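Each chain, letter by letter, is given below.
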Amino acid sequence: MGLLDGKRLLITGVLTPQSIAFEVARVCQEQGAELVLTSFGKAMGLTEKSARRLPQTPPVFELDVNQPSHIERLHDELASRWGSLDGFLHAIAFAPPDALGGNFLDTPFESAVTAFQTSAYSLKALSVGLLPLMKADGGAVVSLDFDATVAWPVYDWMGVSKAALEAITRYLARDLGAHGVRVNCVSAGPLRTMAAKGVPGFDILADGWGRRAPLGWDIHDPGPVARTVAFLLSDWSRGITGEIVHVDGGYHAMGADLHTSGG
Ligand SMILES: NC(=O)c1ccc[n+]([C@@H]2O[C@H](COP(=O)([O-])OP(=O)(O)OC[C@H]3O[C@@H](n4cnc5c(N)ncnc54)[C@H](O)[C@@H]3O)[C@@H](O)[C@H]2O)c1
């Protein structure tokens, strides 16, 4: 018996096999779920290639989350394929280069808004667009966060967008609870992915994580994050909504480094 037996889930954000969403997809299949992935534009080929490396190859539907027509089409494709949806993972983030990397004071409004739209508002857009498929039996929405309660080096307007994502999680939990839809996010420690490569100075964030995290931290292992996402997509978490679960080795709870070395 798998944790997700019989579940039909949408997983966004699989780009490469290093994507956090790829490991989530692998774990969800291992736990019995049937999946659809999404990708868009030039990334479609890369996502299809990654999909073939999963235990079962799921279909890849097109979704640029900033295009309302794509969300409508995705709704229709899922409605004709499954009729309903048990939940989805939002693993989507983007910030223009001038919104990241230490340019905080000079970032133009348009770049800050692009980061917000793609990385935060999109959680609301996708949740509302797919709500009709989850209304009858309830559902679970999960997104991926990087702790936004503090300011970080280089993270800049992506950090501001993550603060919005956390708030949107709570407001969606408020408004979708009546439909039996739960909304939670996983605040992950740093992991080496394409998105991480797009954060100049990512190493400043990643270096030393293991020195503060009491459990240590491996930036190459998205497994602990993926398993927590699977739990939040499952019925085992049916009493949890509006929650931010930290899967960061315990970093967020410490006030100072614990060791003098560690990655
Ligand atoms: N890597 C980390 O250290 C880390 C830590 C905490 C949270 N996260 C979050 O995890 C999520 C997944 O990122 P990742 O690190 O696996 O990197 P990734 O580059 O593998 O995934 C990012 C995904 O966002 C998608 N995307 C970007 N713009 C989009 C759009 N307009 N429409 C649809 N999809 C779009 C990309 O296609 C890609 O699949 C992001 O929200 C990221 O902020 C990452």
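Further up the page is the structure itself.
So, how was this worked out
Residues numbered from 1 in each chain as written. Predicted model: local features only at pLDDT ≥ 70, side-chain atom pairs only at ≥ 80, totals over all residues. Near = placed C-beta within 6 Å. Nonpolar A, V, L, I, M, F, W, Y, C, P; charged D, E, K, R; others polar. Helix = DSSP H or I, 4+ residues; strand = E, 2+ residues; numbered from the N terminus. Buried ≥ 20, exposed ≤ 12 C-beta atoms within 10 Å, placed from the backbone. Contact = placed C-beta atoms within 7 Å. Axes fitted to C-alpha atoms, helices over the stretch in contact; angles between N-to-C directions. Parallel < 35°, antiparallel > 145°, perpendicular 65-115°, else oblique. Left-handed = near helix turned anticlockwise from the far one by under 90°. Pairing = 2+ DSSP bridges.

Asker: Help me out: how do you make sense of the site of the ligand in this one?
Answerer: The full set close to the ligand counts 29 residues, and Ser-19, Leu-144, Thr-193, Met-194 and Ala-195 are the nearest of them. Looking at side-chain class alone, the shell around the ligand contains 19 nonpolar, eight polar and two charged residues.

Asker: Looking at this model, I keep getting lost on the environment of Val-60. Mind explaining?
Answerer: Within the secondary structure layout, Val-60 lies in strand E3 (residues 60–62). Classification of Val-60 by C-beta neighbours within 10 Å gives buried; the count is 21. When residues no more than four places from it in sequence are discounted, the contact partners of Val-60 are Leu-37, Thr-38, Ser-39, Met-44, Thr-47, Glu-48 and Ala-51.

Asker: Explain the packing of helix H4 (residues 109–134) against helix H5 (residues 156–176) to me, please; I cannot follow it from the model alone.
Answerer: Think of two packed helices as two axes; the pair is described by the angle between the axes and how far apart they sit. Axis separation between H4 and H5 bottoms out at 8 Å; the angle between their running directions is 20°. Judged by the angle between their axes, H4 and H5 are roughly parallel. Crossing handedness for the pair H4 and H5: right-handed. Between H4, through Ser-111, Ala-112, Ala-115, Phe-116, Ser-119, Ala-120, Leu-123, Lys-124, Ser-127 and Leu-131, and H5, the contact on the second element is made entirely by Trp-157, Met-158, Ser-161, Ala-164, Leu-165, Ile-168, Leu-172 and Leu-176. Tallied by class, the residues present in the contact of H4 with H5 amount to 13 nonpolar, four polar and one charged.

Asker: Help me understand the sheet that holds strand E2 (residues 34–39), please; the structure alone is not making it clear to me.
Answerer: Backbone hydrogen bonds are what pair the strands of a sheet, in a parallel or an antiparallel way. Strand order across the open sheet formed by seven strands is E3-E2-E1-E4-E5-E6-E7, with parallel pairing between neighbours. Strands with a single pairing partner mark the edges of an open sheet, and in this sheet they are E3 and strand E7 (244–247). Neighbour to neighbour, the strand axes of the sheet diverge by 25° on average, direction disregarded. Across four bridges, the pairing between strand E1 (residues 8–11) and E2 is parallel. Among the inter-strand pairings, Ile-11 is bridged to a residue of E2, identified as Leu-37. Its contacts with the sheet put H5 on strand E5 (139–145), strand E6 (181–188) and E7, and the angle it makes with E6 is roughly 160°.

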